[in-house]
Amino acid sequence: MEQRVRQLASGAGLLFTRAVQFTEEKLGQAEKTELDVTFENLLLRADATKLWTEKIFRQTEVLLQPNPSARIEEFLYEKLDMKAPSRLTNAELLGQYMQDAGKEFGLDSPYGNTLMIVGDCESRLGAAERDFIQTSAISFLSPLRNFLEGDWRTISKERRLLENLRLDLDSCKARVKKAKQAEAKAATPPDFQETRPRNYVLSASASAAEHELRLAQTEFDRQAEVTRLLLEGISSTHVNHLRCLHEFVEAQAAFYKQCHHQMQELQKELGRLPNAFSLNSAYAETNPAPSSDDLHSPAESDTLKIEEVQAPATGTRKAKVLYDYDAADSSELSLLADELITVYTVPGMDSDWLIGERGNQKGKVPVTYLELLS
């Protein structure tokens, strides 16, 4: 019990000494041991690495899971060492709703059929997003988290220990300085007008202070070397994070490529569906079709002979192709992304289509695949 009390008293005295030294340094009343420039640069580099790694980690979490409640739930499950329940992505949930609505409206109706097709595509997009999130969490987020919760905590612990040893070292330096000043004062001839007696037992205390200083200097140098090695390891951390960043970019590129392909296929499939935006079928039931010579007839637009269509004198425009398009029949024109073609309208054509020309080639092209230029 007595030994434990002594240890507590010694620890309290050490903390008090450090607090005094720290306060005097802040007030400019004590000298502070400065680290070399190389060591200071290593500290600044480590602090910057921690700061930006933390920011990148947090924002990547937001990118992969924008819902803060879901992120908190996943964090709690992780801390409790439990597996988080499977959760549908937003695209998967939208696709499920669309498919349920399509079944409700009926697959024989244009709207219900289209809902089923789009819903299936959204479900595939959601599945691709889920794979991207899982891949990114393993290949990118985990290494960043391991650095923040592992390596950085070790570095911080050793830095705090180094700072404490520096305070001890500077306290020892201050005691040695005071002891030498006292010895110098004691060596001067006595002044018989002094009212306070001198303490001539000084050499022993100065020697003890110098011995404590040597021990403190040795411990400080040893800890500085340990901390330096850890700080130099930040270069290896950068190399590891660089590799993880490449993997993240590859996963993201694969995800967006898959999404782009799925949307292109969806647009092609929707482009082949009958036009459901106009009520041509209902109109045809209640109104007889005009003669076959009338190009204004909507019914004739599907059987329009492309080779007989002539470009108007005015009204032609340039258009940039947004996506590749494969012609469904001889009346359509196949397109390549980013090419420029000439487009124009003819009376009686469906508003979702234009006549496109590329050199001597001519055919119908879907408006959704084009960007009309002025």
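Cut-offs and rules
- The residue numbers shown here count from 1 along each chain, following its written sequence.
- Local features in this predicted model are restricted to residues whose pLDDT is 70 or higher, and side-chain atom pairs enter the listing and the counts only when it is 80 or higher, whereas totals over whole chains, interfaces and linings include all residues.
- Values shown for side chains rest on all heavy atoms present in the structure; no hydrogens or waters enter the calculation.
- UniProt positions are given in the numbering used here, feature names are shortened, and annotations may be inferred rather than shown by experiment.
- Salt bridge, as applied in this entry: a Lys or Arg side-chain nitrogen positioned within 4 Å of an Asp or Glu carboxyl oxygen.
- Counting from the N terminus, the helices are the DSSP runs of H or I reaching at least four residues and the strands are the DSSP runs of E reaching at least two.
- Residue exposure (1.4 Å probe, protein chains only): buried if accessible area is under 20% of the type maximum, exposed if over 50%, otherwise partly exposed.
- Like-charged residues within 9 Å of one another, or nonpolar side chains (Val, Leu, Ile, Met, Phe, Trp, Tyr) within 5 Å, are grouped into patches, provided each residue has over 30% relative accessible area and no salt bridge.
- A 1.4 Å probe and the Shrake-Rupley method give the accessible areas. Residues count as covered only by the protein chains that appear here.
- Here the expected length of a helix is defined as 1.5 Å per residue gap, with one fewer gap than residues.
- Regarding the arc, it is the one traced by the directions from the helix axis to the C-beta atoms.
- What makes two strands pair is DSSP finding at least two bridges between them.
- Axis angles are defined between N-to-C directions and span 0 to 180 degrees, where every axis is a line fitted to C-alpha atoms and, for a helix, only to the segment in contact.

An unreviewed UniProt entry lists the chain under the name Endophilin-B1, from Gouania willdenowi. For the record of the chain, the UniProt heading Subunit (unreviewed entry) holds the text "Homodimer, and heterodimer with SH3GLB1." On record in UniProt, under Sequence similarities (unreviewed entry), the comment for the chain is "Belongs to the endophilin family."

Draft legend 1. Examining the pattern of salt bridges more closely. By the definition in use, this model includes 13 salt bridges. Between Asp-47 and Arg-159 there is a salt bridge, with its nearest N and O atoms 2.7 Å apart. On the criterion of sequence distance, the pair formed by Asp-47 in helix H2 (residues 37-64) and Arg-159 in helix H5 (residues 110-187) is long-range, its members being 112 residues apart. Assessed through its relative accessible area of 31%, Asp-47 is described here as partly exposed. Between Arg-166 and Glu-163 there is a salt bridge, with the nearest N and O atoms lying 2.8 Å from each other. On the criterion of helical spacing, the pair formed by Arg-166 and Glu-163 is a turn pair, its members being three residues apart in helix H5.

Draft legend 2. Representation of unusual backbone geometry within the structure. Of note, Asp-338 is a non-glycine position whose phi angle comes to about 80 degrees, a positive value. Along the polypeptide, Asp-338 turns up in the loop between strand E1 (317-321) and strand E2 (340-344).

Draft legend 3. Spatial organisation of a nonpolar patch on the surface. Taken together, Leu-51, Trp-52 and Ile-56 make up a surface patch of nonpolar side chains, about 300 Å² in accessible area. According to the relative accessible area criterion, Ile-56 is partly exposed, its value standing at 42%.

Draft legend 4. Summary view of helix H4 (residues 90-105). Spanning 16 residues, H4 covers 22 Å between terminal C-alpha atoms, matching the ideal 22 Å at 1.5 Å per step. Those residues of H4 lying buried are Ala-91, Glu-92, Gly-95, Met-98 and Gly-102. Along the axis of H4, the buried positions cluster into a sector of 125 degrees, meaning they face one direction only. Structural note: H4 exposes Asn-90, Tyr-97 and Glu-104 on the side pointing more than 90 degrees away from its buried face. Two residues or fewer after H4 comes Gly-106, characterised by a positive phi angle close to 100 degrees.

Draft legend 5. Quick peek at the sheet that holds E2. Strand order in the open sheet made by the five strands is E4-E3-E2-E1-E5, with antiparallel pairing throughout. Looking at the sheet topology across the chains shown, the edges are occupied by strand E4 (361-366) and strand E5 (370-372). Taken over all neighbouring pairs, the strand axes of this sheet differ in orientation by 40 degrees on average, direction set aside. Two elements, strand E3 (residues 353-358) and E4, share six bridges in a ladder whose sense is antiparallel. Following the sheet pairing, Glu-357 is matched in E4 by Lys-362.

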